[in-house]
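Below are the chains, spelled out letter by letter.
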Amino acid sequence: MTIKRVKSLLVAVFSLFSVLSFAQPQQEHTPDGHPHSEEPTTEATEHGGGKKKSFDANEVIFGHVLDAHQFHFFSIGDHHYGLSLPVILYDKEAGGLKVFSSGKFEHGHAIAEGRYQLVTEHYREELKHKGYDEPYLKTLRNENIIAVNPDGTPIRDAHVYDFSLTRNVVQMMLALIVLCWIMLGVAKRYKNGEGVTTAPKGMQNAIEPVITFVRDEVAKPNLGHNYKKYLPLLLTIFFFILINNLFGLIPGSANVTGNIAFTAVLGIVSALVINFSGNKHYWGHIFNPPVPFGIKFIMVPVEILSILTKPFALIIRLFANMLAGHIIIICLISLIFIFGSLSKGAGWGFMPVSIAFSVFIFVIEVLVAFIQAFIFTNLTAVFLGQSTEEHHHHEEEAKIVGHNGHPATEPVII
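Worth saying up front: this structure is predicted, and the values here are computed from it rather than measured.

A separate point is the nonpolar core. Ranked by internal contacts, the top residues of the largest apolar core, which has 43 residues, are Val 214, Leu 234, Ile 241 and Phe 376. Listed by contribution, the elements that provide at least two residues to this core are helix 6 (167–191), helix 7 (203–223), helix 8 (227–247), helix 9 (260–276), helix 10 (280–287), helix 11 (293–342) and helix 12 (344–388). If you tally residues by element for this core, the top one is helix 8, at 12 residues. In contact with Val 214, other than residues within four places in its own chain, are Ala 219, Leu 231, Leu 234, Leu 235, Phe 238 and Thr 377.

Dropping the structure here:
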């Protein structure tokens, strides 16, 4: 029954994508509304050739790992197929709220609503040819939406605020829906007695061992008798990161956990819980560490800095690991086209090697998805345990006597 429900959900999701995505192939246009044709590169023009622009691996890689206003599934020539997302802008000079489809940008080659331009590499090159200075061009980040004149030149004093549903936001919403659907379904079964008086079935059978693992191997060892208080938080963090990690491995999806903003919010939430849960012993250890008086002037700033370094470690570890895996896979696939631009034979010859390594890294990334969710959750539990630990625990550890009659000491791990 559960498998049938999952299949039905997948059919519904892909059906929705098919309805909302472009039914007709899109032809690229320039900002003045005329069809866009790919021009030869500067190097080819200088030599009088008609060679097309070479494959730009940098554009492909960052186009996949960064946020965007649409889901891009695949391209055939100059035709792009994907799912356009809603653009929500607040423009003070143009009458307030503006809502329209990101498809009107036509991948940055058209002005939407006669006023708004999506910043792309192509648009930045156009401004560069028009004489705009490099410092100003650096302020225009890709996928930003700016107000422009009818000729496509930016309006520098315009106040446009972007509240659009980008693919990272939409995918986080989908992950949240899936998380709630799974957990509420499992909870309903337990409420009805399934898995309590009988063996768990279906999704229960898959989720229960994971919950038990987080409880017994993460919460209890680090939080002791306080584990029940923080277990819902730890489980939510673990499953939310895990689902987003796995969603990011689907071709055409967004790499949400490879976005520093996403991991930063998770790190800040963990930091707030850790510090607001801190007891007197925790804050006393920070502002009055048990060291000689002269050393306190060094240790106090270090301990205060540790308040920031703990969430920073959580943020960077998850972000860097998930981003690196996606970049490696895209780089391996890009090698086919890089070799192909040199020689068709080289491109076809390297294809099996590239695909083999890509599949291998993809399998590793599935494992990394689980590992990174566990590491983030485990470190959060460790830091929570440090902030809620009672003082008498240290005293009891100090009274432990070693085999030679002297107080036992723990090895220092560097």
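Next, the rest of the story.
The next point concerns the UniProt feature "transmembrane region" (unreviewed entry) in the protein chain. As recorded in UniProt, the feature "transmembrane region" (unreviewed entry) lies at residues 169–187, 230–250, 256–276, 322–342 and 354–375. Summarising residues 322–342: 100% helix, 0% strand, and an end-to-end C-alpha distance of 31 Å. In residues 354–375, the share of helix is 100% and the share of strand is 0%. The end C-alpha atoms are 30 Å apart.

Since the α-helix turns once every 3.6 residues, residues separated by three or four places project in the same direction. Inspection of helix 4 (residues 121–129) places Tyr 123, Arg 124, Glu 126 and Leu 127 among the buried residues, and these make up the whole buried set. Down the axis of helix 4, the buried side of the element spans an arc of 155°, and every buried residue falls inside it. Buried residues in helix 4 make contact with strand 5 (116–118), helix 5 (134–139) and strand 6 (145–147). Positive backbone phi, approximately 100°, marks Gly 131, located one or two places after helix 4.

Moving on, we come to the packing of helix 7 against helix 12. The relative placement of two packed helices comes down to the angle between their axes together with the axis-to-axis distance. At their nearest, the axes of helix 7 and helix 12 sit 8 Å apart, and the two run at 25° to each other. Here helix 12 runs roughly parallel to helix 7, going by the angle between their axes. Note that helix 7 runs across helix 12; the crossing there is right-handed. On helix 12, the residues that touch Phe 213, Val 214, Glu 217, Val 218, Asn 222 and Leu 223 of helix 7 are Phe 374, Thr 377, Asn 378, Ala 381, Val 382, Leu 384, Gly 385 and Thr 388. Here the residues of the contact of helix 7 with helix 12 sort into 8 nonpolar, 5 polar and 1 charged.

So, about empty space enclosed by the protein. Here the structure, examined in full by the defined rule, presents 2 cavities of 30 Å³ or more. In this structure, the second largest cavity occupies an estimated 30 Å³ of space. If you go around the second largest cavity, the residues you meet are Leu 314, Arg 317, Leu 318, Gln 372, Ile 375, Phe 376 and Leu 379. Breaking the lining of the second largest cavity down by element, the ones donating at least two residues are helix 11 and helix 12. With 4 residues, helix 12 is the single largest residue contributor to the lining of the second largest cavity. Here the residues of the lining of the second largest cavity sort into 5 nonpolar, 1 polar and 1 charged.

Criteria and thresholds
Residues numbered from 1 in each chain as written. Predicted model: local features only at pLDDT ≥ 70, side-chain atom pairs only at ≥ 80, totals over all residues. Heavy atoms only, no water. Core = buried A, V, L, I, M, F, W, Y, C linked by side-chain atoms within 4.5 Å. Buried < 20%, exposed > 50% of the residue type's maximum accessible area, 1.4 Å probe, protein only. Helix = DSSP H or I, 4+ residues; strand = E, 2+ residues; numbered from the N terminus. Contact = heavy atoms within 4.5 Å. UniProt positions renumbered as here; feature names shortened; annotations may be inferred. Arc of directions from axis to C-beta. Axes fitted to C-alpha atoms, helices over the stretch in contact; angles between N-to-C directions. Parallel < 35°, antiparallel > 145°, perpendicular 65-115°, else oblique. Left-handed = near helix turned anticlockwise from the far one by under 90°. Nonpolar A, V, L, I, M, F, W, Y, C, P; charged D, E, K, R; others polar. 1 Å grid on protein atoms, 1.4 Å probe; cavity = no way out; pocket = protein on both sides within 12 Å on 5 of 7 lines; lining within 4 Å. Points joined across faces, edges and corners; volume = space filled by probe spheres on them.

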